[in-house]
Number of protein chains: 2
Amino acid sequence: MAATARRAGLNRTKVLRAALELADREGVERLSMRRLGTELGVEAMTLYHYVPNKGALLDGLVELVVAAVRPGPPAGADDPVDDPTADDPAHWPARLRAFAVAFRTELLRHPGVIPLVATRPVGSPDALRAVEETAAALGRAGLPPLLALRIVNAVATFVIGHCLAEAATTPGHPEEPAPAPDLTGFPTLAAAVADGLGTPADHQARFDLALDALITGLAATPR
Amino acid sequence: MAATARRAGLNRTKVLRAALELADREGVERLSMRRLGTELGVEAMTLYHYVPNKGALLDGLVELVVAAVRPGPPAGADDPVDDPTADDPAHWPARLRAFAVAFRTELLRHPGVIPLVATRPVGSPDALRAVEETAAALGRAGLPPLLALRIVNAVATFVIGHCLAEAATTPGHPEEPAPAPDLTGFPTLAAAVADGLGTPADHQARFDLALDALITGLAATPR
DNA sequence: CGCTCTTTCTTACAGTGTAAGAGTGCCGTC
DNA sequence: GACGGCACTCTTACACTGTAAGAAAGAGCG
């Protein structure tokens, strides 16, 4: 009856991008259809023309994040233009490592979305292609497909688990700093905290430590 | 005005246990204060006398689950009564492994709660004690506290990441079986699926593969 | 008996996802 | 020009959520 309701020029991508931006800024739990609507200058129900329901919206966020993972050249490649490791099957550990690093970087760019990535199985073509490519590289090195995928999978789940913990203990913006628990009676823990456990540098160090251990351990796996 | 409202004999533990049972049976997303109330024969608001808010209830679930982790003796101990590895500092890898296995077992007993365990940082004394004990064992083997905790932490986050993926792709009871994505164009993936990728046995195999790789890799870490 | 404390219930409110349908404007075709 | 259909947006409504405020009912004690 009243106001005009001009077209807003939306599409699925714009909706998803706005949702991701909102989730990054205020946290997933504050991402509601109504809030996303007002963010886009539109009523909540309008969004249902671009997304069948909220679950699909969240899936879309995950899609957006994993699609942005762009593994750089493996560390140690001096000349990226003519990278000899790119086609050398023996260097799949370096490639796996580059994938893990890129994955973590992208996840930490969207801390609030990590629980979604961890929970919702990814079936998007982009993600499948990334997995297929990495696994195929291992296949070229002589690993059977099942083992190759187990390895890729193991690295991916490790990265997700790590980032989840990293993001959960780095509260980002919103809430109160979560009072540090009392560590009397836990000498090893207390000593480690005094040495920097839980700091950003420690997260980085822990990631590198475990990733190297995992990958060298996997590389030594009997075929 | 009407009905009598007899005492129900509740306490925090009973409430948490009922909540865990409900979450296991119907999934966390179906765990609401009102439903939990009717489960216990009580009105929703009554629960707020045992738990300050829903967040604390969820924290309590996590507490319950991690407190139930009981690492058995490390594999390979022939005589559990007089287990020589229990006090041998050199066997910390086996001990770590036992912890990881026990942790996974307990998590898979409560698939719906895994996302909570993954998201909510655990500060309960029980959990801290478990971490302290394991890390102290590594300390006795000569590792500095910070490194010891990084290692314990790495294993724990790996287990969580793995179980999250395992539980997410094993939909348990409720929803539709989630149509398998189209794998044409992804030959390595398709071959692996044909070889059993994603089956329960595969999850077990992948866990063992990655855990062994991680732990042997960590054991080879320079001090 | 009455006092006080604990436990329970009632009512209420703001916020959620979303089903159903009404309204508006654009576009192509007579 | 008028008209029919389509794409998009809004309105309204419902069942459900967490929880704040406070009333009532019982237990244990003087």
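Use the structure listed above.
This write-up is about the structure you can find in this document. Predicted model only: the values in this text are computed from it and were never measured.

We now examine the overall build of chain A. A count of helices and strands for chain A gives nine helices and zero strands. N-terminal to C-terminal, the α/β element order of chain A is α-α-α-α-α-α-α-α-α. A burial count over chain A gives 42% of its 223 residues as buried. Within chain A, contacts between residues separated by at least 24 positions form 72% of all contacts whose residues are at least 6 apart in sequence. Of the roughly 11500 Å² of accessible surface on chain A, 57% is carried by carbon and sulfur atoms.

Attention shifts here to the protein's contact with DNA strand D. Around DNA strand D, 24 residues are found, and the nearest of them are Glu43 and Tyr50 of chain A together with Arg34, Tyr48 and Lys54 of chain B. Counting only atoms of DNA strand D within 4 Å of the protein, the sugar-phosphate share comes to 51%. Contact distances for DNA strand D include 2.7 Å between a phosphate oxygen and a side-chain N or O atom of Tyr50 of chain A. Within the side chain of Ser32 of chain B, an N or O atom sits 3.0 Å from a phosphate oxygen of DNA strand D. Counting residues per element, the surface near DNA strand D draws most heavily on helix α2 (residues 33-39) of chain B, at three residues. For the surface near DNA strand D, a count of residues per class yields nine nonpolar, six polar and nine charged.

This next bit is on the protein's contact with DNA strand C. By nearness alone, 23 residues border DNA strand C, and Arg34 and Tyr48 of chain A together with Glu43, Thr46 and Tyr50 of chain B come closest of all. Contact between DNA strand C and Arg35 of chain A: a phosphate oxygen at 2.9 Å from a side-chain N or O atom of the residue. Broken down by element, the surface near DNA strand C gets its largest block of residues, three residues, from helix α2 (residues 33-39) of chain A. A class-by-class count of the residues in the surface near DNA strand C yields eight nonpolar, six polar and nine charged.

Many analyses report the size of an interface as the accessible area lost when the parts associate. With 50 residues of chain B at the contact, the number on the chain A side is 50 residues. The junction of chain B with chain A conceals about 4000 Å² of combined surface from both sides, 77% of it contributed by carbon and sulfur atoms. The interface formed by chain B and chain A includes two salt bridges. The residue Arg150 of chain B makes a salt bridge to Asp202 of chain A at a minimum N-O spacing of 2.5 Å. Taken together, the links from chain B to chain A amount to six residue pairs in polar contact (both at pLDDT 80 or more). Elements that contribute at least two residues to the side of chain B that touches chain A include exactly α5 (114-119), α6 (125-140), α7 (145-169), α8 (187-194) and α9 (200-219) of chain B.

All names here are of chain A. End to end, helix α3 (residues 54-67) covers 20 Å across 14 residues, agreeing with the expected 20 Å (1.5 Å per residue, within 8%). Next to the buried residues of α3 lie α1 (12-26), α2, α4 (92-109), α5 (114-119) and α6 (125-140). The N-terminus of α3 is capped by Asn53, whose side-chain oxygen sits 3.2 Å from the backbone nitrogen of Gly55.

Residue and element names in this part refer to chain B. Between helix α1 (residues 12-26) and helix α3 (residues 54-67), whose axes approach to 9 Å, the crossing angle comes to 85 degrees. Overall, the two elements α1 and α3 adopt an arrangement that is roughly perpendicular. Touching Arg12, Val15, Leu16, Arg17, Ala19, Leu20 and Ala23 of α1 are Leu57, Gly60, Leu61, Glu63, Leu64 and Val65, all from α3. Each residue belonging to the contact of α1 with α3 can be placed in one class, and the counts come to nine nonpolar, one polar and three charged.

Rotating chain B by 180 degrees about the axis while translating it 0.0 Å along that axis superimposes it on chain A, leaving an RMSD of 0.0 Å. Both chain copies can therefore be described as sitting about a two-fold axis. Of all interface residues in chain B, 100% are interface residues in chain A too; the two copies therefore contact each other through one and the same surface.

To continue, consider the side chain of His203 of chain B. Looking at the secondary structure, you find His203 of chain B in helix α9. A polar side-chain atom of His203 of chain B sits 3.3 Å from a polar atom in the side chain of Thr169 of chain B.

What follows deals with the pattern of salt bridges. Inspection of the entire model under this criterion finds 26 salt bridges over all chains. With a closest N to O distance of 3.7 Å, Arg129 of chain A and Glu133 of chain A form a salt bridge. Of this pair, Arg129 of chain A and Glu133 of chain A both sit in helix α6, four residues apart, which is roughly one turn of that helix. A relative accessible area of 39% places Glu133 of chain A in the partly exposed class. Glu63 of chain B serves as the salt-bridge partner of Arg12 of chain B, at 3.1 Å between the closest nitrogen and oxygen. Linking Arg12 of chain B in helix α1 with Glu63 of chain B in helix α3, this pair joins segments that are 51 residues apart in sequence. Given the relative accessible area of 35%, Arg12 of chain B is considered partly exposed. A cluster of three or more residues bridged by salt bridges with shared partners is formed by Glu21, Arg25, Glu26, Arg30 and Glu39 of chain A.

Reading guide: rules and limits
- Residues numbered from 1 in each chain as written.
- Chains lettered and ligands numbered in written order.
- Predicted model: local features only at pLDDT ≥ 70, side-chain atom pairs only at ≥ 80, totals over all residues.
- Heavy atoms only, no water.
- Helix = DSSP H or I, 4+ residues; strand = E, 2+ residues; numbered from the N terminus.
- Buried < 20%, exposed > 50% of the residue type's maximum accessible area, 1.4 Å probe, protein only.
- Contact = heavy atoms within 4.5 Å.
- Areas by Shrake-Rupley, 256 points an atom, 1.4 Å probe, with all protein chains shown as cover.
- Near = heavy atom within 4 Å.
- Polar contact = N/O pair within 3.5 Å; in protein donor to acceptor, adjacent residues only side chain to side chain.
- Nonpolar A, V, L, I, M, F, W, Y, C, P; charged D, E, K, R; others polar.
- Buried area = accessible area lost by both parts, 1.4 Å probe.
- Salt bridge = Lys/Arg side-chain N within 4 Å of Asp/Glu carboxyl O.
- Expected span 1.5 Å × (residues − 1).
- Axes fitted to C-alpha atoms, helices over the stretch in contact; angles between N-to-C directions.
- Parallel < 35°, antiparallel > 145°, perpendicular 65-115°, else oblique.
- Least-squares fit on C-alpha atoms with pLDDT ≥ 70 in both.

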